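# Per-entry structural report
Read off the chains here:
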Amino acid sequence: MSIRSLLPGRIGFGTAPLGNMFRAIPDEEAVATVQAAWDQGIRYFDTAPLYGAGLAEIRLGEVLAQQPRDEFVLSSKVGRVVLDEVEDPAARQLGEKGALFEHGRPNRIVNDYSADATLRSIEDSLKRLRTDRLDIVWVHDVAQDFYGDEWINVYESARTGAFRALTRLREEGVIKAWGLGVNKVEPLEMTLDLDEPRPDAFLLAGRYTLLDHRRALQRLLPAAAEQGVDIVVGGPYSSGILAGGSHYEYAQAPDDIVEKVRQIKELAQQYGIGIKAAALGFVLAHPAVAAVIPGATRPGRIAEDLGAVQQHVPQEFWAALREHGIISPDAPTPTA
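All figures in this text were calculated on a predicted structure; none of them were measured in a lab.

### Here we look at the environment of Ala288
Inspection of the secondary structure assignment puts Ala288 in the loop between α10 (275–284) and β12 (289–293). Between the C-alpha atom of Ala288 and that of Phe202, which follows or precedes it by 86 residues, the distance is 10 Å. Setting aside chain neighbours within four positions, we find Ala288 in contact with Arg4, Leu221, Ala225, Asp230 and Ile231.

Okay, structure coming up:
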């Protein structure tokens, strides 16, 4: 099924930052941010056990448990099981991402993409989220950035485990849709080439943005559109650098990226638009993209994001980005 009929709008809320990504966020601030998203009409929320070892799910559940379950769409992820025993969060092996959630809960996280672990992961997520069901389930991070040279083996474990378990849950009506949630293009291209199982959608983080989109444009997005597999874009601000932050790819931005962002900001100012409007408008212009889910840790950011989606971006701005080589000549841009 197309998840466009399931999603309540083109902008949702990504909760990775609520797992204390990069910094320790007070509970009150995290909960107030989710509440602001709800109060301003956002009805699609995405989370994962990895985000702070369940912390993001707990914080999200605190707000959503107060709302009628039929009024929002919820997705979480499988592939990591959170245990009761503890470990040093800063010492976790997260591939290229290092100590991404070192400020999260100390609960031990185990990587497991088997069918049994998939079912257990969903049950645990439901408890943390204080809800009775997930609408969409993503298989999390079966890619090079977390598993290096072993990623194909991990992918194969997911294909014979999680993929099949989620297909069965979808057929039984327990969930409405499933797919992969990754930061790399290659696992998604591989999945589109499979005869079975068939995912409904993909969550692609950081690979279709103003700063990084050429690889996704080549094959993935055209193939996904052709097969009717919708794309939800995560990380539209490239870990924050496109929203006033200093991180790119979950680390301090290198000089060439800082320079490119400076150029984008300069052009945005010239045409009287915000950089967030440019970032979100670019992502949503591709016909394969069903929705975008920026994250936030401060209540005021929600209004910024919603305002950015509504802001008109003149055609001359997109032409200038092409002229400066910032966006690919074949990247779709908003037409009106």
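Here the narrative resumes.
### Things to note about the packing of aromatic side chains
Overall, the coordinates contain 12 aromatic pairs when judged by the stated rule. Ring centres of Phe317 and Trp318 lie 5.2 Å apart, and the angle between their planes is 65°; on these two criteria the pair is classed as edge-to-face. The structure contains a cluster of three or more aromatic residues connected by ring pairs, namely Phe13, Trp38, Phe45 and Phe72. The ring of Trp38 is capped by Arg43, whose NZ or CZ atom sits 3.5 Å from the centre of that ring. A cation over a ring is seen here: Arg80 above Phe146, with NZ or CZ 4.8 Å from the ring centre.

### Quick look at the sheet that holds strand β3 (residues 73–78)
Taken together, eight strands build an open sheet; the order of strands is β1-β2-β3-β6-β7-β8-β9-β12 and the sheet is parallel. Of all strands in the sheet, those with a lone pairing partner are β1 (13–14) and β12, marking the two edges. Of the pairings in the sheet, the one linking strand β9 (residues 230–234) to β12 comprises four bridges and is parallel in character. Across the sheet, the residue bridging to Gly234 is Ile293, located in β12. Against the sheet, helix α3 (residues 115–129) touches β3 and β6 (136–140), its axis set at about 135° to β3.

### A short note on the pattern of salt bridges
It is possible for side chains of opposite charge to pair when their charged atoms get near one another. Under the defined criterion, the tally for this structure stands at 25 salt bridges. Notably, a salt bridge pairs Arg128 with Glu57, separated by 2.5 Å at the nearest N-O pair. A residue pair is termed long-range when its members are at least 10 positions apart, and Arg128 in helix α3 and Glu57 in helix α2 (residues 55–64) qualify at 71 residues. Sharing partners across several salt bridges, the network here consists of Glu186, Glu189, Asp193, Arg215 and Arg219.

### Focus on the packing of helix α1 (residues 27–39) against α2
α2 packs onto α1 with a crossing angle of 50° between their chain directions and a minimal axis gap of 9 Å. Here α2 runs oblique to α1, going by the angle between their axes. Where α1 crosses over α2, the two elements pack in a sense that is right-handed. The segment α1 lies against α2, with Asp27, Ala30, Val31, Val34, Gln35 and Trp38 engaging Arg59, Leu60, Glu62, Val63 and Leu64. Looking at side-chain class alone, the contact of α1 with α2 contains seven nonpolar, one polar and three charged residues.

### Looking at empty space enclosed by the protein
In the structure shown here, the tally under the stated rule is one cavity of 30 Å³ or more. The volume enclosed by the largest cavity comes to roughly 40 Å³. Considering the residues around the largest cavity, the lining is formed by Ile11, Gly12, Phe13, Ile42, Pro294, Ile302, Asp305 and Leu306. With three residues, the top contributor of residues to the lining of the largest cavity is helix α11 (residues 299–310). Considering only residue class, the lining of the largest cavity consists of six nonpolar, one polar and one charged.

### Observations concerning the packing of α2 against α3
Packing of α2 against α3 brings their axes to within 7 Å, and their N-to-C directions diverge by 45°. If you check the angle between α2 and α3, you find them oblique. Contacts from Glu57, Ile58, Leu60 and Gly61 in α2 reach Ser125, Arg128 and Leu129 in α3. Considering only residue class, the contact of α2 with α3 consists of three nonpolar, two polar and two charged.

The rules we used
- Residues numbered from 1 in each chain as written.
- Predicted model: local features only at pLDDT ≥ 70, side-chain atom pairs only at ≥ 80, totals over all residues.
- Heavy atoms only, no water.
- Helix = DSSP H or I, 4+ residues; strand = E, 2+ residues; numbered from the N terminus.
- Contact = heavy atoms within 4.5 Å.
- Phe/Tyr/Trp six-rings, centres within 6.5 Å; stacked < 30°, edge-to-face > 60°.
- Lys NZ or Arg CZ within 6 Å of the ring centre and 35° of its normal.
- Pairing = 2+ DSSP bridges.
- Axes fitted to C-alpha atoms, helices over the stretch in contact; angles between N-to-C directions.
- Salt bridge = Lys/Arg side-chain N within 4 Å of Asp/Glu carboxyl O.
- Parallel < 35°, antiparallel > 145°, perpendicular 65-115°, else oblique.
- Left-handed = near helix turned anticlockwise from the far one by under 90°.
- Nonpolar A, V, L, I, M, F, W, Y, C, P; charged D, E, K, R; others polar.
- 1 Å grid on protein atoms, 1.4 Å probe; cavity = no way out; pocket = protein on both sides within 12 Å on 5 of 7 lines; lining within 4 Å.
- Points joined across faces, edges and corners; volume = space filled by probe spheres on them.

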